[in-house]
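# Structural overview
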Amino acid sequence: MELLGLGVEFLVLFVSFGFMVGVFFGFFGMGGSFLVTPALLILGYPAPVAIGSSMAFVFGTAVIATMKHHDVGQVDYKLGALMFVGIALGIEAGKYVVFFLEALGRAELVVGVAYVLLLAAIGLVFVRSALTQDEGSTGTDHADDEIPAIATKIKSYDVPPMVTLTDGSEASMWTISGVGGGVGLVSGFLGVGGGFIRMPAIYYLVGVPLAAAVGTSLFGALMSGAVGAFTYGLGGVIDLGIVTALLAGSALGARIGSAATAYIDENDVTIYFGVMLLLASTAVALGELATWLEIPTLDTISFVLLVGSSAFVTTMIFYYGAQAVRANGTSPAATVGGND
């Protein structure tokens, strides 16, 4: 029996995986879309199909998560719109690189290696951030609207044209364009929403308050996903069966993840997310070895490790959410969780 062109076992798998990715997306403002491309590569899909399908999935999930953050006023639409041109140009450049590598027969290898390095680097940043938070904790809550010192320094340089953002602060159009272009290039090349770069860049470089940076990052994912899905769709490399199954799961997951930010301090689960990324990096590396050494068992181990680590972090978010609700009743926590 097949649904959406997928066997029942694959349908259940992709719906479940989409749910977990949706939870990450809504909670961390970046979440898990960068796990979809590696998963599809491990399952044997060509790089353009894996990336194009992932971009279409990013778009659908971002719509859901952005709506939730819109409800609580955490989206700077003006900033997101200003980043659009850079995002579009960057995605187009990334797409051409992928198709060029595909013509050389090297796309899967290059994208796979890039993911191994990228996931490992991001995982280390998250783990280090969590450990630093634990060691430096003084019991004082970190204000959501506090602007990092580096962003304050960048804002002190008035490089015209300057743009007044929704919160009343000013930022250089050069900074905004650079953030958009860099995120777009990564999105087009790896098939991700780019939140793991976009959210920190919006927060640390543009200088937008943390809660708004998360919501605006999701709006940026919506735009990059739309552009990416369109450009890859023109190439006919999007598998709509996979995308539909993933979105069916993420529709619920993204709403739950976004709602959880009002109850959970993200520092409680950041270290688990970082460890998951390190395991995901290992999983992708095993998948590459499986291809090089022609050992199918490594592919199986790789996929189980990728999905298993994702399931663990999803469980931890639910666990801390239940603990917070039990402790605070129905009152949201004073701080709103977001990204790193």
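Residues numbered from 1 in each chain as written. Predicted model: local features only at pLDDT ≥ 70, side-chain atom pairs only at ≥ 80, totals over all residues. Heavy atoms only, no water.

Where an unreviewed UniProt entry is consulted, the protein appears under the name Probable membrane transporter protein, with the organism given as Natrarchaeobius halalkaliphilus. The Sequence similarities (unreviewed entry) field of the UniProt record for the protein holds the comment "Belongs to the 4-toluene sulfonate uptake permease (TSUP) (TC 2.A.102) family." (UniProt positions renumbered as here; feature names shortened; annotations may be inferred.)

A few words on the nonpolar core. With 79 residues, the main nonpolar core has F17, F273 and I317 as its most contacted residues. Examining the composition of this core, we find that nine residues originate from one element, helix 1 (residues 8–28), more than from any other. Not counting residues within four places of it along the chain, the set of residues in contact with F17 comprises L35, V36, A39, L246, V307 and S310. (Core = buried A, V, L, I, M, F, W, Y, C linked by side-chain atoms within 4.5 Å. Buried < 20%, exposed > 50% of the residue type's maximum accessible area, 1.4 Å probe, protein only. Helix = DSSP H or I, 4+ residues; strand = E, 2+ residues; numbered from the N terminus. Contact = heavy atoms within 4.5 Å.)

Before going further, it helps to spend a moment on the packing of helix 5 (residues 84–104) against helix 10 (residues 210–234). Between helix 5 and helix 10, the least distance of the axes is 10 Å, while the angle of their chain directions is 40 degrees. When the axis of helix 5 is compared with that of helix 10, the two are oblique. As helix 5 runs across helix 10, the sense of the crossing is right-handed. Each of F84, I87, A88, I91, E92, G94, K95, V98 and F99 in helix 5 lies in contact with helix 10, whose residues at this interface are G220, M223, S224, V227, G228, T231 and Y232. For the contact of helix 5 with helix 10, the residue count by class is nine nonpolar, five polar and two charged. (Axes fitted to C-alpha atoms, helices over the stretch in contact; angles between N-to-C directions. Parallel < 35°, antiparallel > 145°, perpendicular 65-115°, else oblique. Left-handed = near helix turned anticlockwise from the far one by under 90°. Nonpolar A, V, L, I, M, F, W, Y, C, P; charged D, E, K, R; others polar.)

With respect to the helices and strands, Q74 occurs in the loop between helix 3 (47–71) and helix 4 (77–82). Remark: the alpha-carbon pair of Q74 and L210, spanning 136 residues in sequence, is separated by 9.2 Å.

At a minimum axis distance of 6 Å, the contact between helix 1 and helix 11 (residues 240–260) shows a crossing angle of 35 degrees. Here the hand of the crossing between helix 1 and helix 11 comes out right-handed. In terms of residue class, the contact of helix 1 with helix 11 is built from 15 nonpolar, eight polar and no charged.

Moving on: unusual backbone geometry. Omega for the bond connecting P160 with P161 falls within 30 degrees of zero, at 0 degrees, which places this linkage in the cis form. Residue placement: P161 occurs in the loop between helix 7 (149–155) and strand 3 (162–164).

This brings us to the layout of surface pockets. Its boundaries defined by the atoms lining it, the second largest pocket holds a volume of some 320 Å³. Lining the second largest pocket are 19 residues, with L41, E108, G287, E288 and T291 sitting closest to its centre. Broken down by secondary-structure element, the contributors of at least two residues to the lining of the second largest pocket are helix 2 (33–42), helix 6 (107–136), helix 12 (267–293) and helix 13 (296–328). For the lining of the second largest pocket, the leading source of residues is helix 12, giving six residues. Taken together, the residues of the lining of the second largest pocket break down into ten nonpolar, five polar and four charged. (1 Å grid on protein atoms, 1.4 Å probe; cavity = no way out; pocket = protein on both sides within 12 Å on 5 of 7 lines; lining within 4 Å. Points joined across faces, edges and corners; volume = space filled by probe spheres on them.)

What follows is about a nonpolar patch on the surface. Residues L109, V110, V113, L117, L289, W292, L293 and I295 make up a contiguous nonpolar surface patch of roughly 670 Å² in combined accessible area. Among the elements that take part in the nonpolar patch, helix 6 stands out by supplying four residues, more than any other. Residue classification places V113 among the partly exposed positions, given a relative accessible area of 35%. (Patch = residues over 30% accessible without salt bridge, like charges linked within 9 Å, V, L, I, M, F, W, Y side chains within 5 Å. Areas by Shrake-Rupley, 256 points an atom, 1.4 Å probe, with all protein chains shown as cover. Salt bridge = Lys/Arg side-chain N within 4 Å of Asp/Glu carboxyl O.)

The periodicity of an α-helix, 3.6 residues per turn, causes residues three or four positions apart to be oriented the same way. The terminal C-alpha atoms of helix 11 lie 29 Å apart, and with 21 residues this matches the ideal 30 Å at 1.5 Å per residue to within 8%. By the largest-angle criterion, S250 marks the main kink of helix 11, which is about 35 degrees. Those residues of helix 11 that sit buried are G241, I242, V243, A245, L246, G249, S250, G253, A254, G257, S258 and A260. The backbone nitrogen of G241 has a side-chain oxygen 3.0 Å away, supplied by the residue at the start of helix 11, namely D239. (Expected span 1.5 Å × (residues − 1). Bend = angle between axes of the 7 residues up to and from the residue. Polar contact = N/O pair within 3.5 Å; in protein donor to acceptor, adjacent residues only side chain to side chain.)

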